[in-house]
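# Notes for the structure review
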Amino acid sequence: LCGSHFWDSTETWYTTDPDFTPCFEQTALVWTPCAFYWVFVIFDFYYLKASLDRNIPWNKLSVSKALVNLGLLVITALDLIMALIKKGGDSELPLYDLDVWGPIIKFATFLLIFIFIPLNRKYGVQTTGCQFLFWFLLTVLSIPRCRTEVRLDADRQDILNSDQPTKPDFSWEEYQFASFFIFFTFTCIMLILNCFADGMPKQTKYQRGENEIPELSAGFLSRITYQWFDSMALKGYRNPLEEKDLWDLRPQDSCSEVMPIFAHHWNQKVRKNYKSKARMEPKAQFSNGNVTFENPHGDKNGRKKGMASIMPPIYKSFGGVFLFGALMKLFTDVLTFAQPQVLSLIITFVEAQETVAEPEWKGILYAVLLFVLAAAQTFILGQYFHRMFIVGLRIRTALINAIYRKALRISNSTKKESTVGEIVNLMAVDAQRFMELTTYLNMIWSAPLQIGLALYFLWQQLGPSVLAGLAVMIILIPVNGVIASRIKTYQIRQMKYKDERVKLMNEVLSGIKVLKLYAWEPSFEKQV
């Protein structure tokens, strides 16, 4: 592939002066960011489709991105041409596959990013996380080659300054040195440019005023660190926050954006369960999260009933963001158990210093790795909860809107079947329960995974003693089941009391004049 070993453990790990092989630096450390971007570029296409804005004007930031990216395309194409010229034909230098495929892979990736620059401007996408992570990975993973190139250049200078009568030709190596550092400089510039968000779009679906939430115009780095929230936190620290201090809701989370998507899937579900050619809306009964539709045009001998569950429309409307959050939860769980393993390596390293002196750089590597894993877990966990709260908010918004809309349209005969208290509780309490549930719903699969990983790693440390803790957990399962069952019973009973209380309050407010005339306030107060 590249004329040398891809991996050499004696040069990389079992040494006091570690370094990667040139082949590994020019393949794995370069192609990994490229592969990452090609895998996750689907998110960039999704952001283009989901954007509510259009037409960001050309500015210094977008022009700078385009020019630097164009420079990378030129450098990469020049690398391929120079490799064919210097190593092709009758040249003494062998032409390896890396000399051809390396520039081609980088050129294709840079070209794809270059195409997205005008597309993001056209569709109003001010920042993209995939491109930021690509440039971040490419910059960080290029640092080892910087060290290698500087060392090789120093060796070449020593040879050229020596007293040897015939000095070798280093023209190809010198070109690689210059080309790489130009490439690395442009990569660092692209990383810095991608830390900032682009300008404001000219065309917006919703008016964006001075009180808009700063998250809309924040860059990717600002979003993952929540730097855009600093002004609100500082204002709340100095003075108590008031309603006028709050920002406007994001358009993506507003009812005007959430409800059409949910209504589309909900209507499909209703048509599927309510097979009637009549356009009249079926009667509805609310019960245990389901809505029962009765066919008014059924047979005389009996009515055909269809059950329309609320869950499939919720899955189809908000399942994408939820699944992305579940993927983040999986990464968080893995990182949670990776940190104790690194800590174990640190303990082993310290203990080994008393007998066999390990290289100092390994201890530094373990410490840095522990910090990186903890920081990554913190960032991902924050984004996970943020997305789960947003999904819960959207579900709550859609349900309240659907219930309120239905309550305004049902007939008088159906109103008698559902009390005002039930309908109000559906909007005020049940919809809120969906929002609270969404945040911790992933614990259904996350908790068994965490228990399994914990038992596996504890078995390696403690052996059969782990079974005692496992036995306690198994014994507590039926206890928890009984407690949960009792809580459910009490909650159902409490909801009935709430329904009766809301119904009674509605009657009190409707007949307040009669209550005042007969002085019934104390008796009704006791009932409430």
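Residues numbered from 1 in each chain as written. Predicted model: local features only at pLDDT ≥ 70, side-chain atom pairs only at ≥ 80, totals over all residues. Heavy atoms only, no water.

Looking at an unreviewed UniProt entry, the protein chain carries the name Multidrug-resistance associated protein 1, with the source organism given as Drosophila eugracilis. Recorded in UniProt under Subcellular location (unreviewed entry), the annotation for the protein chain is "Endomembrane system". (UniProt positions renumbered as here; feature names shortened; annotations may be inferred.)

### What about the pattern of salt bridges?
Counted by the stated rule, this structure contains 13 salt bridges. Across the pair Asp17 and Arg151 runs a salt bridge, and its minimum N-O distance is 3.0 Å. Note that Asp17 is positioned in the loop between α1 (9-12) and α2 (22-26) and Arg151 in helix α6 (residues 129-160), a separation of 134 residues in sequence. Assessed through its relative accessible area of 37%, Asp17 is described here as partly exposed. The exposure class of Arg151 is partly exposed, given its relative accessible area of 35%. What you see here is one network of salt bridges that share partners, running through Asp17, Asp19, Arg147 and Arg151. (Salt bridge = Lys/Arg side-chain N within 4 Å of Asp/Glu carboxyl O. Helix = DSSP H or I, 4+ residues; strand = E, 2+ residues; numbered from the N terminus. Buried < 20%, exposed > 50% of the residue type's maximum accessible area, 1.4 Å probe, protein only.)

### Some thoughts on the side chain of Thr438
Residue position: Thr438 is located in helix α14 (residues 420-440). The class of Thr438 is buried, set by a relative accessible area of 6%. For Thr438, the contacting residues outside a window of four places in its chain are Phe322, Met388, Val391, Gly392 and Ile395. (Contact = heavy atoms within 4.5 Å.)

### What about the domain arrangement of the protein chain?
We note that the domain assignment places domain 1 (1-162 + 169-205), domain 2 (214-248), domain 3 (249-274 + 310-463) and domain 4 (466-527) within the protein chain. Inter-centroid distance (C-alpha atoms) of domain 2 to domain 4 is 38 Å. (Domains from an automatic or database assignment.)

### Some details on the nonpolar core
Core analysis: the largest hydrophobic core is formed by 28 residues, its most contacted members being Tyr37, Phe110, Phe134, Trp135 and Phe183. Within the residue set of this core, elements represented by two or more residues are α3 (28-50), α4 (60-87), α5 (97-122), α6, α7 (171-193) and α8 (220-225). Setting aside its immediate chain neighbours within four residues, Trp135 contacts Asn69, Leu72, Phe110, Ile113, Thr187, Met190, Leu191 and Asn194. Among the nonpolar cores identified, the runner-up in size contains 16 residues, and Val258, Trp266, Val270 and Phe318 belong to it. (Core = buried A, V, L, I, M, F, W, Y, C linked by side-chain atoms within 4.5 Å.)

### Remarks on the packing of aromatic side chains
The geometry of two aromatic rings is summed up by the distance between their centres and the angle between their planes. For the coordinates displayed, the defined rule picks out 34 aromatic pairs. Measuring from centroid to centroid gives 6.2 Å for Phe337 and Phe457, while their planes differ by 25°, and the two rings are stacked. With a gap of 120 residues between them, Phe337 in helix α11 (residues 311-352) and Phe457 in helix α15 (residues 443-462) connect regions that are remote in the sequence. A ring pair is formed by Phe349 and Tyr366, whose centres lie 6.4 Å apart and whose planes are at 80°; its orientation type is edge-to-face. Here Tyr366 lies in helix α12 (residues 360-409) and Phe349 lies in helix α11, a separation of 17 residues in the sequence. Each member of the pair, Phe349 together with Tyr366, is buried. An aromatic cluster is present here, built from Tyr37, Phe110, Phe134, Trp135, Phe177, Phe180, Phe181, Phe183 and Phe184 joined pairwise through their rings. (Phe/Tyr/Trp six-rings, centres within 6.5 Å; stacked < 30°, edge-to-face > 60°.)

### Focus: empty space enclosed by the protein
Taken as a whole, this structure holds 3 cavities of 30 Å³ or more when the rule is applied. Roughly 290 Å³ of internal volume is contained in the largest cavity. What lines the largest cavity is a set of 17 residues, among which Gln26, Asp79, Lys106, Arg145 and Gln176 lie closest to the centre. Secondary structure elements with two or more residues in the lining of the largest cavity: α3, α4, α5 and α7. Considering each element in turn, the lining of the largest cavity owes the most residues, 6 residues, to α7. Here the residues of the lining of the largest cavity sort into 9 nonpolar, 4 polar and 4 charged. Of the pockets and cavities examined, the second largest cavity occupies roughly 120 Å³. (1 Å grid on protein atoms, 1.4 Å probe; cavity = no way out; pocket = protein on both sides within 12 Å on 5 of 7 lines; lining within 4 Å. Points joined across faces, edges and corners; volume = space filled by probe spheres on them. Nonpolar A, V, L, I, M, F, W, Y, C, P; charged D, E, K, R; others polar.)

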